[in-house]
Amino acid sequence: MIMGFNINQIRSDFPILQQQVYNKPLIYLDNGATTQKPRVVIDTIRELQEVHNSSIHRGIHYLSEQMTGRYEAARETVRAFLNAASTQEIIFTSGATGSINTVAFSFGEKYVNSGDEILISEMEHHSNIVPWQMLCRRKGAQLKVIPFNDKGELELEKLDELLSERTRIVALTHASNSLGTINPVKEVIKRAHARDIPVLLDGAQMVQHGEVDVRELDCDFYVFSSHKIFGPTGSGVLYGKEAMLEELPPYQGGGDMVDQVTFDETSYNTLPFKFEAGTSNYTGAIGLAAALEYLQSIGFEAIGRYERELSDYTLEKLERIGGLKIYGNAAERISVFSFLLDNIHTYDAAMILDKMGIAVRTGTHCTQPVMDHFGIDGTIRASLVFYNTMEEVDALVQGIQKTIEMLS
Amino acid sequence: MTEYNVTQQDIVDEFSVFEDWLDRYNYLIELGNDLPAIDPEFRTSEYLINGCQSKVWLHADLVDGRLQFNADSDAIIVKGIVALLVKLMHDRTPAEILENELFFIDGIGLRQNLSPTRSNGLLAMVKKMRLYAMAYQAKENQNKEA
């Protein structure tokens, strides 16, 4: 029991968790793919559509003023959440993927040339691989990879030789979506900065599990998606140090990101608007802020403590199942568990678990290189957040045991 | 009702005794286990219907005007559904396969397994079985004309 953390109250805040599927209570363990939305986020979105809808930054009429105010207040909420120095550093994007593509393009245009190197890791999500690969193609640069060991931990001893004078940026996941590893990002940042190399962190799988302080981390860019932190889909955040963002050219062109436009020349708007071309997804940004405020009302510390207990409990229970092998055994981890059952196809297992009301993910989890590392086609992944319970973990364990019984 | 559709209806009736999903799956697992593994010469990429998460292999011959199917999957529940499709379409004439609607999958509540968003290879397998029927029918017609 954690002080101030009432799991029943929290579960009742999420309407979708109340339902039954196939006449069984829904057990949602696919939070790594997307998280559910608390009532306050759903209500916020409805209220925006019903009462306030208007394009931001354009009209001087009542509704537009109101919506603009809410949107910019959302930016301040995100700034406070990340402990960024200023709202100039908070760019609203379409999601973590959109944020990484923005940096890969804008940073790449400014700083990456033929023969340069981009350093990523072996455990990146495809969205932190492909945009850099595209950049490398465009510029004739090379993609370098920090490997991980069989426990799913980065081989830091190889970092110094991989950081070369041609390395232009390091792009690394804060927490792995398929292995659950929390990476020693501060150490990586320290070593990269010692050589004046900036670091982008992909926080898509981290922000929903614990507090993130970009100034303490000293990362140059930090990205995450709204839908993975209980906010609406189609929205996300790019944090960048102001001095860095100032130097970068815009990614997309369009309305709102400009100052003066003639057919000969265009001057760009100031930060953060320079990177927000077109009508922003203001509903998404304000919905995200509602989600962050909801988390703040529970308290990140209480959430973190509860999740650690839940995570330890899950690991202990899974490890006791005969014929179950966990992929990803890093010392520092989030509550994401990838596993395989001896001689059982992941697709069969997921189909059976589904009919017991248990939602897990199967496949490569958009991390094919991770699967290649272990020489497997995919895993079953259970990913938990603070609204999951020990009882649900017990149900998962029973479900797995039943699956093994049926299939062997 | 055509004989082909009687077979489909029989499958639907067989499944209707199972009230619980897990019983249905148990039955499919049994069917999957009973379906002989595909001839190793056809368990190759050439005969693979790539379904992303589970693999399905399919080969067909025409013997005395009837299609002889040989199929397999690496996932056992998928293989159970493959077994049902083989049970229905094996040893049929191309015309029987092409002229009758496939309704039993829907009838046993496994429709979602044939949806384009399900990455299990089954939808592609059904298409491929009908394609084999079409190809052999065209070949037969050509032979008649010649």
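In this text, all values refer to a predicted model and were calculated from it rather than measured experimentally.

Student: Explain the overall build of chain A residue by residue, including any values.
Tutor: What chain A contains, in helices and strands, is 14 helices and 17 strands. In terms of overall size, chain A behaves like a compact globule, its C-alpha atoms giving a radius of gyration of 22 Å where 408 residues would be expected to give roughly 22 Å. When the 408 residues of chain A are sorted by exposure, 48% land in the buried category.

Student: Could you give an account of the domain arrangement of chain A, naming the residues involved and the relevant values?
Tutor: Residues and elements named next belong to chain A. Domain annotation for chain A reports domain 1 (7-30 + 299-407) and domain 2 (42-296). Across the boundary between the two partners, domain 1 contributes 25 residues, which contact 22 residues of domain 2. Going through the elements one at a time, helix H11 (300-319), strand E14 (336-341), helix H13 (368-374) and strand E17 (379-383) are the ones with two or more residues in the side of domain 1 that touches domain 2. In terms of residue class, the side of domain 1 that touches domain 2 is built from twelve nonpolar, nine polar and four charged.

Student: Tell me about the sheet that holds strand E5 (residues 117-121) of chain A, and please be specific about residues and values.
Tutor: Residue and element names in this part refer to chain A. As summarised here, the arrangement of the seven strands in space is E4-E10-E9-E8-E7-E5-E6, forming an open sheet in which the pairing is mixed. The sheet is open, and its two edges are formed by strand E4 (90-93) and strand E6 (142-146), each paired on a single side. Between one strand axis and the next, the sheet turns by 20° as a mean value, whatever way the strands run. Relative to strand E10 (residues 236-240), E4 is paired through four bridges, and the arrangement is antiparallel. By the bridge assignment, Ile 91 is partnered in E10 with Leu 238.

Student: Mind laying out the packing of helix H2 (residues 39-52) of chain A against helix H10 (residues 282-298) of chain A, listing which residues take part and the relevant values?
Tutor: Residue and element names in this part refer to chain A. Running from amino to carboxyl end, H2 crosses H10 at an angle of 150°, the nearest separation of the two axes being 9 Å. Judged on the interaxial angle alone, H10 and H2 are roughly antiparallel. In this structure, H2 crosses over H10, and the sense of that crossing is right-handed. Residues Val 40, Val 41, Thr 44, Ile 45 and Leu 48 of H2 touch H10, and the partners they reach there are Thr 283, Ile 286, Gly 287, Ala 290, Ala 291 and Tyr 294.

Student: Lay out the environment of Val 185 of chain A with the relevant residues and their values.
Tutor: Residue and element names in this part refer to chain A. Among the structural elements, Val 185 can be located in helix H7 (residues 185-193). Through-space distance from the C-alpha of Val 185 to that of Met 206 is 12 Å; in sequence the pair is 21 residues apart. Beyond its immediate chain neighbours, meaning those up to four positions away, Val 185 contacts Leu 172, His 174, Leu 201 and Leu 217.

Student: Report on the pairing of strand E7 (residues 167-173) of chain A, specifying residues and quantitative values.
Tutor: All names here are of chain A. Of all seven residues in E7, five are buried, a share of seventy percent or more. Note: E5 against E7, three bridges, orientation parallel. Across the sheet, the residue bridging to Ile 118 is Ile 169, located in E7. In terms of strand pairing, E7 meets strand E8 (residues 199-202) through four bridges, oriented parallel. The partner of Ala 171 across the bridge, within E8, is Leu 200. As for the winding sense of the linkage, the β-α-β connection from E7 through H7 to E8 is right-handed.

Student: Provide a residue-level description of unusual backbone geometry, including the pertinent values.
Tutor: All names here are of chain A. Cis geometry is adopted by the peptide bond preceding Pro 272, which originates at Leu 271 and carries an omega value of 0°. Tracing the sequence through the fold places Pro 272 in the loop between strand E12 (266-268) and H10. Although it is not a glycine, Tyr 22 sits at a positive phi angle of roughly 50°. Relative to the assigned elements, Tyr 22 resides in the loop between strand E1 (20-21) and strand E2 (24-25). A positive phi angle is found at His 365, which is not glycine, with a value near 55°. Assignment of secondary structure puts His 365 in the loop between strand E16 (361-363) and H13. Judged by local crowding, His 365 falls into the buried class, with 23 C-beta atoms found within 10 Å.

Student: Now, about the sheet that holds strand E13 (residues 324-327) of chain A: what can you tell me, with residues and values included?
Tutor: Residue and element names in this part refer to chain A. Spatial strand order, E13-E14-E17-E16: four strands in an open sheet with antiparallel pairing. The open sheet terminates on both sides in strands that have one partner only, identified here as E13 and E16. Pairwise comparison of adjacent strand axes, ignoring direction, gives a mean angle of 35° for this sheet. Pairing of E14 with E17 involves four bridges; the strand directions are antiparallel.

Student: Tell me about the pairing of E6 of chain A, residues and numbers included.
Tutor: All names here are of chain A. Pairing analysis gives five bridges linking E5 to E6, with the strands arranged parallel. From the neighbouring strand, Ile 120 faces E6, where its bridge partner is Val 145. Each parallel crossover has a hand, and for E5 linked through helix H5 (residues 130-139) to E6 it is right-handed.

Student: Report on the interface of chain B and chain A, specifying residues and quantitative values.
Tutor: Between chain B and chain A, the contact holds 13 residues from the first and 13 residues from the second. For the side of chain B that touches chain A, the elements supplying multiple residues, two or more each, are helix H2 (21-34) and helix H3 (76-89) of chain B. With five residues, H2 of chain B is the largest single contributor of residues to the side of chain B that touches chain A. Taken together, the residues of the side of chain B that touches chain A sort by class into eight nonpolar, four polar and one charged.

Student: An account of the packing of helix H4 (residues 96-111) of chain A against H5 of chain A is needed here, citing residue identities and associated values.
Tutor: All names here are of chain A. Close contact between H4 and H5 brings their axes to 9 Å; oriented N to C, the two are set at 20°. Classified by the interaxial angle, the pair formed by H4 and H5 is roughly parallel. Relative to H5, H4 is oriented so that their crossing is right-handed. Only Pro 131, Trp 132, Met 134, Leu 135, Arg 138 and Lys 139 of H5 make contact with H4, whose side of the interface consists of Ile 100, Asn 101, Ala 104 and Gly 108. Classifying every residue of the contact of H4 with H5 by side-chain character gives six nonpolar, two polar and two charged.

Student: Any chance you could break down the confidence of the model for chain B for me, citing the residues and the numbers?
Tutor: Scored by pLDDT, chain B comes out at a mean of 90, with 97% of its residues at no less than 70. Scored as a whole, the predicted complex attains pTM 0.93, and scored at its interfaces, ipTM 0.88.

Each value, and the rule that gives it
- Residues numbered from 1 in each chain as written.
- Chains lettered and ligands numbered in written order.
- Predicted model: local features only at pLDDT ≥ 70, side-chain atom pairs only at ≥ 80, totals over all residues.
- Helix = DSSP H or I, 4+ residues; strand = E, 2+ residues; numbered from the N terminus.
- Rg over C-alpha atoms; globule rule 2.2 N^0.38 Å.
- Buried ≥ 20, exposed ≤ 12 C-beta atoms within 10 Å, placed from the backbone.
- Domains from an automatic or database assignment.
- Contact = placed C-beta atoms within 7 Å.
- Nonpolar A, V, L, I, M, F, W, Y, C, P; charged D, E, K, R; others polar.
- Pairing = 2+ DSSP bridges.
- Axes fitted to C-alpha atoms, helices over the stretch in contact; angles between N-to-C directions.
- Parallel < 35°, antiparallel > 145°, perpendicular 65-115°, else oblique.
- Left-handed = near helix turned anticlockwise from the far one by under 90°.
- Right-handed = clockwise from strand over helix to strand, strands pointing away.
- pLDDT = per-residue confidence, 0-100.

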